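Each chain, written out:
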Amino acid sequence: ESRLFDAGGWWRGPFVLDHYRALFAERDFWTPIRNSLIVAGTTTLFAVTLGGACAYALARMRFRGRYPILAFVLAVSMFPQISLVAPLYMLLREAGLINTYPGLVLPYLTFAMPLTIWLLVGYFRQLPVDLEDAAAMDGAGRLRTLVEIVAPVAGPGIATTAILTL
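Let us look at the structure shown here. Bear in mind that the values here come from a model prediction, so they are computed numbers and not experimental data. (Residues numbered from 1 in each chain as written. Predicted model: local features only at pLDDT ≥ 70, side-chain atom pairs only at ≥ 80, totals over all residues. Heavy atoms only, no water.)

1. Observations regarding the overall build of the chain
Applicable threshold: Only runs of H or I of at least four residues qualify as helices and only runs of E of at least two qualify as strands under DSSP, and these elements are numbered from the N terminus. The buried label goes to any residue with under 20% of its type's maximum accessible area, the exposed label to any with over 50%, and the partly exposed label to all in between, with areas taken from a 1.4 Å probe on protein chains only. Here, residues are in contact when the closest pair of their heavy atoms is within 4.5 Å. Residues scored as charged are limited to Lys and Arg (positive) and Asp and Glu (negative), so that His and the chain ends carry no count. For the purpose of locating charges, the reference atoms are NZ of Lys, CZ of Arg, CG of Asp and CD of Glu.
Of the regular secondary structure elements, the chain holds eight helices and zero strands. Counting only C-alpha atoms, the chain reaches 85 × 40 × 30 Å along its principal axes. Burial statistics for the chain: of 166 residues in total, 24% are counted as buried. Sequence separation of 24 or more characterises 73% of the internal contacts of the chain that already satisfy a separation of 6 or more. Taking the 13 positively charged and 11 negatively charged side chains of the chain as two groups, their mean positions are separated by 8 Å.

Here it is in structure tokens:
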């Protein structure tokens, strides 16, 4: 017979919320949460910003080597991340980035960037080219077209990619 139940079958154990009180009052719970939010948010912001620009160039610009670059991005995303732990640790140790935010953001960024690029290339390819042609007729360059025309229209795809990257 369990010691948590008395003869009448009623539970007489400790109050369940005592564990939460102990977690928040007796332990440093918020520091790891804050660190995780900083690292994940920074990684997502950089990955979506840089990956979005790369994906736009790969989706819309015609240049030599575009398809091998896309194949390389796909190959990098299939590479097992655990095989990079030891060399990455040695590299971060030599750079003095152990126990720092950049020491976490940079590796996570390299792992998140292929996913971001691959998803956004597919999304940018689905957008109508007429929007960019109209912006070019009005005198907008590639960067202005990306920032003022394509990014607002691609907002749902960018938001979805940011959620998956996070």
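We are not done yet, so read on.
2. Here's the deal with the nonpolar core
Note the following rule: For this analysis, a nonpolar core means a set of buried residues of the types Ala, Val, Leu, Ile, Met, Phe, Trp, Tyr and Cys, connected via side-chain atoms within 4.5 Å.
Ranked by internal contacts, the top residues of the largest apolar core, which has 18 residues, are I117, V121, F124 and V150. If you list the elements that add at least two residues to this core, you get α2 (30-60), α3 (66-78), α5 (101-126) and α7 (142-153). Looking at which element gives the most residues to this core, the answer is α5, with seven residues. Each residue touching I117, except ones within four places of it in the same chain, is listed here: G51, C54, A55, L58 and V73.

3. Some remarks on the side chain of T161
Its location among the elements puts T161 in helix α8 (residues 155-165). Looking at T161, the relative accessible area reads 3%, which means it is buried. Setting aside residues up to four positions removed in sequence, T161 forms contacts with T116, L119 and L120.

4. Topic: unusual backbone geometry
Here the phi dihedral of N99 falls at roughly 60 degrees; this positive angle occurs in a residue that is not glycine. Structurally, the position occupied by N99 is in the loop between α4 (85-95) and α5.

5. Regarding the packing of aromatic side chains
Filter applied, for reference: When the centres of two rings from Phe, Tyr and Trp lie within 6.5 Å, Trp using its six-membered ring, the rings pair. Their planes under 30 degrees apart give stacked, over 60 give edge-to-face, and anything left gives tilted.
Per the counting criterion, the structure on display carries four aromatic pairs. Seen from their ring centres, F29 and W30 are 5.2 Å apart, and the 75 degrees between their planes marks the pair as edge-to-face. On the accessibility criterion, F29 (25% relative accessible area) is partly exposed. Between Y56 and F124, the ring centres sit 5.9 Å apart and the planes meet at 90 degrees, which makes this aromatic pair edge-to-face.

6. Considering the packing of α2 against α7
Between two packed helices, the angle of one axis relative to the other and the distance separating the axes together describe the packing. Basically, it comes down to this: Axis definition: a line fitted to C-alpha atoms, limited for helices to the stretch in contact. Angles are taken between N-to-C directions and run from 0 to 180 degrees. Should an angle lie under 35 degrees it is considered roughly parallel, over 145 roughly antiparallel, and from 65 to 115 roughly perpendicular; all remaining angles are considered oblique. Gly falls in the polar group here, along with every residue not listed as nonpolar (Ala, Val, Leu, Ile, Met, Phe, Trp, Tyr, Cys, Pro) or charged (Asp, Glu, Lys, Arg).
α7 packs onto α2 with a crossing angle of 110 degrees between their chain directions and a minimal axis gap of 12 Å. Of the possible angle classes, the one that applies to α2 and α7 is roughly perpendicular. Residues A53, Y56 and R60 of α2 form the contact with α7, whose own contacting residues are R142, T145, L146 and V150. In the contact of α2 with α7, the residues fall into four nonpolar, one polar and two charged.

7. Describing the side chain of R66
As a reminder of what qualifies: Think of a salt bridge as a Lys or Arg side-chain nitrogen and an Asp or Glu carboxyl oxygen that are within 4 Å of each other.
In this structure, R66 sits in helix α3. Although R66 lies buried, it forms no salt bridge, and the closest oppositely charged side chain, E132, sits 10 Å away as judged by the N-O distance. Apart from residues lying up to four places away in sequence, R66 is in contact with L58, A59 and M61.

8. Here we look at α8
Operational definition: Note that the arc is computed from the directions linking the helix axis to the C-beta atoms.
Those residues of α8 lying buried are G157, T161, A162 and T165. Buried residues of α8, seen end-on, are gathered within an arc of 135 degrees and therefore sit on one face of the element. Turned more than 90 degrees away from the buried face of α8, the exposed residues are P156 and I163.

9. A look at the environment of V105
Mapping V105 onto the fold places it in helix α5. The spacing of V105 and A22 is 83 residues in sequence and 31 Å in space, taken between C-alpha atoms. With residues up to four places along the chain from it excluded, the contact list for V105 reads V39, T42, T43 and F46.

Geometry only, nothing functional implied.
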